[in-house]
Each structure stands twice: as C-alpha cells, then as structure tokens.
Amino acid sequence: MATVELDEVTKVYPNGVEAVQNVSLEIGDGELMVLVGPSGCGKTTVLRMVAGLEEISDGEVRIGGRVVNDVSPKDRDIAMVFQNYALYPHMTVAQNIGFGLKMRRLPRAEVELKVRNTAKMLGLSQWLERKPAQLSGGQRQRVAMGRAIVREPKVFLMDEPLSNLDAKLRVQMRAEVSRIQRRLGVSMLYVTHDQTEAMTMGDRVAVLLGGVLQQCAAPQELYERPINIFVAAFIGSPAMNLYEGALTPEGTAVSLGSQRLELSEEVRRARPALAAYRGKGVVVGIRPEHISAAAPGDAAALQGDVELLEALGSELLVHFSLDAPFAEVLGAATGSGGSQPEGDDSGSTASAWGVARVDSGTRIRVGERASFAVRAGSMHFFDPHTSMAIWDETPGSGGVPMPAS
Amino acid sequence: MTLQGESAATRPGIELGGRAGARRRGGPTLGRRLRRDPGAVIMFLVLVVVCIVMLYPFAFMIINSLRTETQYLNGSGFSTSSWSGLFSALPVGSELLNSTLICAGSIAIILIGSSAAGFAFAKLHYRRQNVVFLGIIGSMMIPVQSIIIPEYVNLSNVGLVNNYLAPILVYSALGMPFATFLMTVFFRGLPDELIEAALCDGFGYVGVFWRIAVRMAAPALATVTVLQFIQIWDDLLVALLLLQEPANRTITVGLGVLSSGRAVSIPALMAGSLISALPAIIVYLIFQRYLISGLTMGVSR
C-alpha cells in the first residue's frame, strides 16, 4: 500500500500535442481515486504515466514517496487492469493469474495457493483450467482482476475495465471492484468516461478536460459545488440544464428569456459573490432532479411546453422547451444522458429545452404547457466569461481555467 | 485472437438445440446444397477439375516409379526395379540428410531472425523505423539470380564453398525479408495491451517477446516454416553452386545430376522425385491447419 503523487505532470507527444498539462494529484493510502472525463481528455495518458507505459515529459510521479519517472513498469509494484482485459490467450485462467508471481520466482506451492485463494475470492475456482476464449466477458474481467490482485501490489491501476461489459453486469462488477478494493485496502487509480461509475465508486473523483485537471473532490462535493460549467454539465445524469440568463439590477431575481426566477434572501446569502453580477449576465444551472411540477404560488417556477416524456418506472423525465438561450459548454460530450447540444451558440435566442426529473405519479401530457417549480437553493450560477462557479469568492477566482476550445 | 462470440458456444449450459442447431453443427449435406444452388454445382465441377490437374502428376509419378524402362514405354506392368536402381545410382539417404540439415539450419535462422525483427517493427518504436522496414521489404524484389555470383565470390573468399553453412546463410538471407514481413503483420495484430500487461507483470521486452509474443505466434511461425521449407527443399541453383562435392549434395541436386546423365531412366527419376516431394508434403500436412490463418492474418482484427 502506498500513496501516489503526481506533481505538475505534463505529457507532450512528439507531434507537439499536449495531452496532459501540469496535472497535480495525490492519491491517499488505500484511496480509490477515479479519473473521469470525455474521450481524449488525457485520463488514460495520466494512468499510463503512473504505470510507466508512457514517458513523462515534465513533472514528477511518486509512488510511496519514491520518484518513479525513470523506473520501468515491472519495478513500480503496480498492477494494471486493461479495458480489453489483455489476458494471455494461450494460458489457462490459473496460469494467467499466477503468471506475475511465477515471474517473481515464488515457490510453485505458494503460487498455487495464492492463485486458488484469489480465484475463490473472485468466484473463479471452477474455471481455473479454462482458457480465456472459453469464458464470458464478466469472467474474463474477473480473471484480469485476479491477475492484478494476486500480486498484492502497492497500487491498482484500472483503465476502463468495465466498458466492455453489458449494462447489468457493469453495475454488478462496479460494486464488486469497490468491495475488493476496500477489502484489500490498496490505493487505486480508476479511469472511466462514465460519470455514474465515477460517482458511485470513487472516494474522490478527478475531472479532466483537454489534459487539464478541472476539479478533484468527493463525489457529493462535485455534484453540489461544481467548480465550473464543464464539471457541472459532466457530473449528473441527466445533465444539468444550463441557460444564459441575467441578474436583475436589484439582484433579487434572474431572468431566463422572457421568464423570471425569484431568488430568496437565503439563496443570495449563500452566494455572496452573486452581488457583483447585478444587472449582468450569468449562466444559470438547474439539475433535472431540482425541477418538479409546480404547485400554485411557487415563487421560482418556469413555464415550458412538454415535448417528450420518458418513464423510468420510479420517476418520469420530462423534456420541455422554453425561450431561454442555452449556455455554451466547452467539450460538453457530457457523462451520460446529456441533454444539451455541444457548442450551441451562446448568443442564440432560439428556444432551448430542459429536462425535469419528476415523480412518476405526476399528471402531465405531451403538448401541454406546464409550470415547473425550481428548487432555488440548489441552483448554480456561473460567470459567462470565465465559466467559473459563482459562490462566496471573488468572481472567477480559485478555480481551474477552462482549456482553449 | 478469439472473438467474443466464440465463447458462447463453448460455455456450459448453452446448447444449440433443435433442427436449427443440428444444421448449424453439421450444415446441409453436399447433395442438398448442390440441388439447391446451381452456382455450387459449377464450383464443385471446377474443384474436381483442379483436383485432377493437381493430383495427376502425383499419380503419374507413383505409377511410373513402379515400372521398368520398358514397362514405362509400353504403359503396362509393374516392377520395383527402378527403386533399387535409384538407390544404387544415388546416395539417397545422405542426400536427404543433407537437404534436411540445410533446411533445418536455414529455417531456424529465419524463424529466430524474422520473429525478433517482426516484433521490433510491430511493437517497438524508434527513429527511422519505417525506412528500415521499407528497406527490408524492398529487398524482396531482388532476384536471387542477380546476386548469386557475388555471393559465390564472397563465400569462396571466406572459404565456405562446399560447407553446409554457405547455403544455410544464403537461404536465410533470401527468406528473411518475406518472413520478416509476415511476422511484422502478425505481431501488429497483437493488442498492445497484451504487451503492456506483460510489462506490468514483471517482464522486460525480451521476456515479453519470448514468453508471450512467440508463444502466440504459432500460426505465423508455421506459415513461415512451410513456405520456406518448400522453397529451400526444392531449390537447385544455390545448392548446386555452393555444394559441389558429391558427398555434400542435396536430394534436388542429386536428382538433377541423375537427370543430366547420358542414359536417363524415367522410372528411377520418378522414384527420386517422389522421395524428394514426400518431405515437403509431410511438412505441409503437419502445418496446414495453421497455414490459412497465417496467410490471412492482418486481413481483419
């Protein structure tokens, strides 16, 4: 067990592409850190640099306090699980799991014992003599896990290990990976593009975009206090509704197109920095789960035309249109269930749409004009120029700048 | 690499049941297919003709090797005298041994060299890699006839003429470019993650090459072996020039000498050709199950 520290790590490829820019991150002893971001954001490159499979252009990687920039993968005491499992097809399950131990010249009896124990833990005991080709996807994934676990490394590195599994198995394996990591207490760096996976598994989640670390925080904090528009749009499913709006000169309400949402004293007090935006434009973010069918007299309510209903059993997703313009989200191939078009013109006055997650019993029909109550206390405000969240700090400060589009 | 879909059929508890399953297991009978598909009839007839064209020389060789000169001219009767004549005219055993030694030596060098080079071209990255690769591929276009004289002079200068090493080195050099190309294509098809997993498991690149890559390269290695064996075993020019002592001759050179004598015995020549062809057929039959996958590798992933 060990900590992993990345200190201003940069990766520049020979063709000049800067895949990772000054990423600093510390993974605590026994912590499960998830790296998440859209395709091409540099998350796998970071992982490969920790593994020693990619040269580090600048900065330092330390494992257990030792600088490993020039240490070969086999001497870093790490174990990696790959997206396509990378099992040796000519070996049986037992040989695959025990191969790393055999290479370390452990006595055969000890190797066999460890392989048996690992297989038992992963429910693979009856498949030990099979070849990978004779296993299902889930079983292969477990063998890959077993190969990593059996060596008792200081750090586990996981590169989207669940991406090739079907949805149901993915949910099952997600829990299993977390359970194993907690049981073994080994530090883990886990890469995924699926924000649900990141939120459910990570002790902390690091969000990357364009090779730049945007925010690293506990899942709940990422959800409740995203540092910028990208993190806000990426975390959460369905994605946050983001609109161009403007604060009234008194600062007591925000206008979205022709509509107005009142901001209570409590909301304003929680965001002192908002006062600086009186009479100015802001980006307003509302999560679908913070929108519900309005009751008469609701202060913060939006009017919208219902366009589509998605019944999920326990709840209902309501897609509605309104006349507020979309806010632009850089690199917004959002985590999952994203509802906003990428790179929509921020100055557009065309009507936008929103998604509300309401109770399945809500009586609502496609085509009708409905009133939606917004939980104003859970609204998010962002600076339209810097994309940074507006909370209690000086506008636009304390965060990570968005990479150039 | 095995496709995901293959695993379902071998997974316990999953069986292809009913008539559909039976059809999938065995397929329709040949007769039923021919009745249903006129294209298949034409294809079947073409294949029969091709088979006859391919097998006729073998049948001719076998039948006439079992005749005397007179029986051959009359076209009837059988005798084994041509076989005894062959063994008294040629040191068949030692010539077969010479051919085997030269083939084995050349193929060993080609397999080691081409697999190592193929792995390096496919999985290691270094400057000017493509230029070197193109150079090697380009050398496939040089015909052996154009370089055999300088080769002879060089080998003669270092005293290797009439030494087994001379043809072994020449055959290795001639076979290496195509074998390297084939091995590079194969290793390019191996997922990088497999190599990286082995690196994390505790290997250096040499270990990855030897313990992982080579073990998985059986189809490619078998393909190289078969193709090179047939080429080297059947070659006359190099062996004739570089192994001039009668004791060093290969079987092909021996047969060449036999056929260039004043009184050529066709039945004895047929018997010799049969003996000469047999090893190549045996090698082909042993490795044929790998040959198709070896030749089509890289076509799809």
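Each chain carries its own residue numbering, running from 1 in the written order of its sequence. Chain letters and ligand numbers both follow the written order, the letters beginning at A and the numbers at 1. Whole-chain, interface and lining totals are the exception, using all residues; otherwise, since this is a predicted model, local features are given only for residues with pLDDT of at least 70 and side-chain atom pairs are given and counted only at 80 or more. The side-chain numbers reported here are obtained from all heavy atoms of the structure, hydrogens and water having been left aside.

Bringing the sheet that holds strand 1 (residues 4-12) of chain A into the picture now. All names here are of chain A. Pairing between strands is defined by DSSP: at least two bridges between the two strands are required. Numbering of helices and strands runs from the N terminus; a helix is a DSSP stretch of H or I covering at least four residues, while a strand is a stretch of E covering at least two. Across the sheet, four strands lie side by side as 2-1-4-5; this open sheet has antiparallel pairing. Looking at strand neighbours, the two that pair on one side only are strand 2 (18-27) and strand 5 (66-67), the edges of this open sheet. With six bridges joining them, strand 1 and strand 2 adopt antiparallel strand pairing. In the strand pairing of strand 2, K11 is matched with V20. The contact criterion used throughout is that any non-hydrogen atoms of two residues lie within 4.5 Å. Axis definition: a line fitted to C-alpha atoms, limited for helices to the stretch in contact. Angles are taken between N-to-C directions and run from 0 to 180 degrees. Docked against the sheet, helix 1 (residues 43-51) engages strand 1, strand 2 and strand 4 (58-63), running at close to 115° with respect to strand 1.

Bringing the packing of aromatic side chains into the picture now. Between rings of Phe, Tyr and Trp, where Trp is taken as its six-membered ring, a pair exists when centres lie within 6.5 Å; planes separated by under 30 degrees are stacked, by over 60 edge-to-face, and by other angles tilted. The final tally for this structure, using the stated rule, is 13 aromatic pairs over all chains. Measuring from ring centre to ring centre gives 6.2 Å for Y243 of chain A and F326 of chain A, while their planes differ by 10°; the resulting arrangement is stacked. Note that Y243 of chain A is positioned in strand 11 (residues 241-247) and F326 of chain A in the loop between strand 17 (315-322) and strand 18 (352-359), a separation of 83 residues in sequence. With respect to class, Y243 of chain A is no different from F326 of chain A; both count as buried. Between F178 of chain B and F181 of chain B, the aromatic rings sit 6.4 Å apart at their centres with planes inclined by 35°, giving tilted as the arrangement. Pair noted here: F178 of chain B and F181 of chain B are both in helix 10 (residues 165-188), with a separation of three residues, about one helical turn. Look at F181 of chain B and you get partly exposed, because its relative accessible area is 31%. Two conditions define a charge sitting above a ring: the NZ of Lys or the CZ of Arg must be within 6 Å of the ring centre, and it must be within 35 degrees of the ring normal. Between the NZ or CZ atom of R147 of chain A and the centre of the ring of Y88 of chain A, over which it lies, the distance is 4.8 Å. Above the ring of W391 of chain A, the side-chain terminus of R225 of chain A is found at 4.1 Å from the ring centroid. Relative accessible area decides the class of each residue, using a 1.4 Å probe on protein chains only: under 20% of the type maximum gives buried, over 50% gives exposed, and in between gives partly exposed.

A few words now on the interface of chain A and chain B. Contacts between the two partners involve 28 residues from chain A and, on the opposite side, 24 residues from chain B. Interface area for chain A against chain B, summed over the two sides, is near 2,200 Å², with a carbon-plus-sulfur share of 61%. Salt bridges, as used here, are contacts in which a Lys or Arg side-chain nitrogen is within 4 Å of a carboxyl oxygen on Asp or Glu. Remark: the boundary between chain A and chain B carries two salt bridges. Among the salt bridges present, the one from E196 of chain B reaches R48 of chain A, with a minimum N-O distance of 2.8 Å. Distance and chemistry together define a polar contact, namely a pair of N or O atoms within 3.5 Å, with one atom able to donate a hydrogen and the other to accept it when in protein, and with adjacent residues in sequence counting only for side-chain atoms on both sides. Linking chain A with chain B are six residue pairs in polar contact (both at pLDDT 80 or more), by the criterion used here. By residue number, the principal contributor to the side of chain A that touches chain B is helix 2 (residues 93-103) of chain A, which donates four residues. Under the scheme applied, nonpolar residues are Ala, Val, Leu, Ile, Met, Phe, Trp, Tyr, Cys and Pro; charged residues are Asp, Glu, Lys and Arg; polar residues are all the others, including Gly. Among the residues forming the side of chain A that touches chain B, the class breakdown is 15 nonpolar, five polar and eight charged. For any pair of parts, buried area is found by adding up, for both, the accessible area (1.4 Å probe) each one loses once the two are put together.

Attention shifts here to the side chain of T184 of chain B. Residue and element names in this part refer to chain B. Tracing the chain through its elements places T184 in helix 10. A polar side-chain atom of T184 sits 2.6 Å from the main-chain carbonyl oxygen of T180. Filtering out sequence-adjacent residues up to four positions away, T184 remains in contact with G118, F121, A122 and F133.

As a further point, take the pairing of strand 3 (residues 32-36) of chain A. All names here are of chain A. Counting buried residues along strand 3, five of its five residues qualify, which places the element largely inside the surrounding structure. Neither face of strand 3 is left uncovered, since the one carrying L32, V34 and V36 and the one carrying M33 and L35 both have all their residues buried. Judged from the five bridges that link them, strand 3 and strand 8 (residues 187-192) form a sheet pairing that is parallel. Each residue of the ladder has a partner; that of L32, found in strand 8, is M188. Of the pairings in the sheet, the one linking strand 3 to strand 9 (residues 204-209) comprises four bridges and is parallel in character. In the sheet register, M33 faces strand 9, and the bridge partner there is R204.

As used here, the term nonpolar core means buried Ala, Val, Leu, Ile, Met, Phe, Trp, Tyr and Cys residues forming a set that is joined through side-chain atoms within 4.5 Å. Core analysis: the largest hydrophobic core is formed by 97 residues, its most contacted members being L157 of chain A together with F187 and I212 of chain B. The dominant element in this core, judged by the number of residues it contributes, is helix 10 of chain B, at nine residues. Apart from residues no more than four positions distant in its own chain, L157 of chain A is found in contact with L47, V50, A51, I78, A79, M80, V81 and L189 of chain A. Core analysis: the second largest hydrophobic core is formed by 49 residues, V93, L165, M173 and Y223 of chain A among them.

Attention now goes to helix 9 (residues 144-157) of chain B. Residues and elements named next belong to chain B. To estimate the expected span of a helix, count its residues, drop one, and scale the result by 1.5 Å. When the terminal C-alpha atoms of helix 9 are compared, their 19 Å separation across 14 residues agrees well with the 20 Å that a helix rising 1.5 Å per residue should span. The set of residues buried in helix 9 consists of V144, I148, E151 and L155. At its buried positions, helix 9 is contacted by helix 10 and helix 14 (237-242). Immediately downstream of helix 9, the backbone of G159 shows phi near 75°, a positive value.

Glancing now at the sheet that holds strand 12 (residues 253-256) of chain A. All names here are of chain A. Taken together, the five strands give an open sheet; going across it, the order is 13-12-11-14-20, and neighbouring strands pair in antiparallel fashion. In this open sheet, the two strands that pair with only one neighbour each are strand 13 (259-262) and strand 20 (380-382). Here the average twist between neighbouring strands, direction ignored, is 40°.

All names here are of chain B. Like-charged residues are merged into a patch within 9 Å and nonpolar side chains (Val, Leu, Ile, Met, Phe, Trp, Tyr) within 5 Å, provided each residue has over 30% relative accessible area and no salt bridge. Method for areas: the Shrake-Rupley scheme with a 1.4 Å probe, in which residue coverage is limited to the protein chains shown. There is a patch of nonpolar side chains on the surface, built from I42, V46, V50, M54, L55, F58, I62, I63, L66 and F78 and spanning about 910 Å² of accessible area. Relative to the elements of secondary structure, I63 occurs in helix 4 (residues 38-65). You can call I63 partly exposed: its relative accessible area is 36%.

Now for the packing of helix 4 (residues 137-149) of chain A against helix 5 (residues 167-184) of chain A. All names here are of chain A. Two numbers describe how helix 4 lies on helix 5: the axes approach to 12 Å, and their chain directions differ by 15°. As far as their axial angle goes, helix 5 and helix 4 are roughly parallel. Handedness of the crossing formed by helix 4 with helix 5: right-handed. Residues G138, Q141, R142, M145 and I149 of helix 4 form the contact with helix 5, whose participating residues are L169, Q172, M173, E176, V177, I180 and L184. When grouped by side-chain class, the residues that make up the contact of helix 4 with helix 5 number seven nonpolar, three polar and two charged. Oblique is the label for any angle not covered by the other classes, which are roughly parallel (under 35 degrees), roughly antiparallel (over 145) and roughly perpendicular (65 to 115). Handedness of a crossing follows from how the near helix is turned relative to the far one, being left-handed for an anticlockwise turn of less than a right angle and right-handed for a clockwise one.

Right, let's get into unusual backbone geometry. The residue after S237 of chain A, namely P238 of chain A, is reached through a cis peptide bond having omega -5°. Topologically, P238 of chain A is positioned in the loop between helix 8 (229-234) and strand 11. Unusually for a residue other than glycine, N162 of chain B sits at a positive phi of about 75°. Position of N162 of chain B relative to the elements: it lies in the loop between helix 9 and helix 10. According to the relative accessible area criterion, N162 of chain B is partly exposed, its value standing at 25%.

Turning next to the domain arrangement of chain B. Residue and element names in this part refer to chain B. We note that the domain assignment places domain 1 (2-82) and domain 2 (87-300) within chain B. Contacts between domain 1 and domain 2 engage 11 residues on the former and 11 residues on the latter. The largest share of the area that domain 1 buries against domain 2 comes from M61, E69 and S82, three residues that together contribute 50% of it. Scanning the region where domain 1 abuts domain 2 turns up zero salt bridges. On the surface where domain 1 and domain 2 come into contact, there are two residue pairs in polar contact (both at pLDDT 80 or more). Domain ranges listed in this record stem from an automatic or a database domain assignment.

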